[in-house]
Amino acid sequence: MKRAMYAVIVLWAVLTAVYMTNMGRADKVSISTAFTDSVDGEEWCELDTYIEGYGKFGVCYLTQEEKERLVENIASALGITSSYGLATVYEEEVNTTVLSKNSVNGSVTIKAITQEQQRTENTAEPAVTEPQVTGNTNGLAGTQPQAQYVYVNITVYNNIDCAVSYRELVEGMFDAMGIQGNVNMNLVGSLEGALNSTEKNELADGLLDRLGAKVVTENRDNDIFTIYAYSKGAGSYITIGGNKINMNIAIGYDEEQDRTKVYLASPINSLDY
């Protein structure tokens with residue numbers, strides 16, 4: 001099992017390198033440019049990027065060393081090879097190995113999450129192919145297969161030009177590693193003051209037009225302003241009710257800062273607003 005896991009990681013590293021050389025060749029909508037230009041005559045107070053990816057890596061047994069190597073390999077593909085923190089959090093039936101790095105320009109968090117398998121009276125105990133661990137097991141009951149998940153969060157302050165590249169990089173890693181999950185790209189901008197209903201609609205409609213996106217469903221009430229849409233050139237999508245969605249626009253107001261928050265996510269928003 002260990003050899004198979006190392007083979008997967010090596011294969012992922014090779015395929016990611018190939019994937020990165022081909023990034024940017026397809027003719028796609030410039031999402032960052034569309035977002036930046038969506039406020040005519042005004043200036044953004046801030047423009048930030050948030051990339052979140054989460055998915056199932058598989059059901060297998062990984063040692064603590066292998067989980068640390070897993071998050072370090074992902075970090076290396078993102079250009080992080082030093083000055084990062086590494087820790088493991090043990091909780092009931094779940095333990096998480098976390099690699100994190102923070103700077104004035106942003107942060108990166110990568111997690112390898114182990115969910116111990118639940119057994120019922122009707123479920124046979126899985127066969128153990130390796131010797132049982134004795135003594136200090138660091139929270140593990142043995143070497144039985146466990147559900148393994150991967151979480152990646154990339155935050156970049158005052159820069160959205162990198163958003164699509166980072167999303168494609170994480171998507172490429174997920175594909176090469178066989179991770180079944182989703183990667184969300186979230187662009188967040190803020191404007192001074194509160195926008196009225198007309199201004200919100202003009203901003204959203206202008207953004208949809210720049211993206212070449214068609215509305216799938218929407219709610220433009222004063223308290224909740226959110227639009228789900230689809231654009232052919234905007235990358236990966238999800239399907240809800242038989243409809244493709246890869247654009248999510250939301251607009252809210254932060255009373256404490258007296259700023260309007262504008263969110264553009266693809267395929268959907270994974271942040272609170």
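Residues numbered from 1 in each chain as written. Predicted model: local features only at pLDDT ≥ 70, side-chain atom pairs only at ≥ 80, totals over all residues. Heavy atoms only, no water.

A. Inspection of the sheet that holds strand β12 (residues 259-266) at higher detail. In spatial order, the strands read β2-β3-β4-β5-β1-β6-β12-β11-β8-β7; together these ten strands make up an open sheet with antiparallel pairing. Looking at the sheet topology across the chains shown, the edges are occupied by β2 (85-91) and β7 (214-220). On average, adjacent strands in this sheet sit at an angle of 15° to one another, irrespective of strand direction. Inspection of the sheet shows β7 paired to strand β8 (residues 225-230) by six bridges, in the antiparallel sense. Paired with Glu218 across the two strands is Ile227, which belongs to β8. (Pairing = 2+ DSSP bridges. Helix = DSSP H or I, 4+ residues; strand = E, 2+ residues; numbered from the N terminus. Axes fitted to C-alpha atoms, helices over the stretch in contact; angles between N-to-C directions.)

B. Here's a closer look at the packing of helix α3 (residues 64-77) against helix α4 (residues 163-177). Running from N to C, α3 and α4 cross one another at 140°; their axes reach a closest spacing of 11 Å. For the element pair α3 / α4, the angle class is oblique. As α3 runs across α4, the sense of the crossing is right-handed. Across the interface between the two elements, Leu70, Ile74 and Ala77 from α3 touch Leu169, Met173 and Met177 from α4. (Parallel < 35°, antiparallel > 145°, perpendicular 65-115°, else oblique. Left-handed = near helix turned anticlockwise from the far one by under 90°. Contact = heavy atoms within 4.5 Å.)

C. Examining the nonpolar core more closely. Ranked by size, the top nonpolar core spans 53 residues in total, and within it Phe35, Ile110, Val152 and Leu264 carry the most contacts. With six residues, α4 is the largest single contributor of residues to this core. Among residues more than four places away in sequence, those in contact with Ile110 are Val71, Ile74, Ala75, Leu78, Thr97, Val98, Leu99, Tyr151 and Val152. (Core = buried A, V, L, I, M, F, W, Y, C linked by side-chain atoms within 4.5 Å. Buried < 20%, exposed > 50% of the residue type's maximum accessible area, 1.4 Å probe, protein only.)

D. Structural context of the side chain of Asn269. Within the secondary structure, Asn269 is located in the segment after β12. From its side chain, Asn269 meets the backbone nitrogen of Leu271 in a polar contact 2.6 Å long. Once you skip the residues sitting within four places of it in the chain, Asn269 turns out to touch Asn186, Asn248 and Tyr263. (Polar contact = N/O pair within 3.5 Å; in protein donor to acceptor, adjacent residues only side chain to side chain.)

E. Region of interest: the pairing of strand β4 (residues 106-115). When you tally the buried positions in β4, you get eight out of ten residues, the bulk of the element. As judged from the ten bridges shared by strand β3 (residues 94-103) and β4, these two strands associate in the antiparallel manner. Note on β4: the bridge partner recorded for Lys101 is Val108. Pairing between β4 and strand β5 (residues 146-156): ten bridges, direction antiparallel. In the strand pairing of β5, Ile113 is matched with Tyr149.

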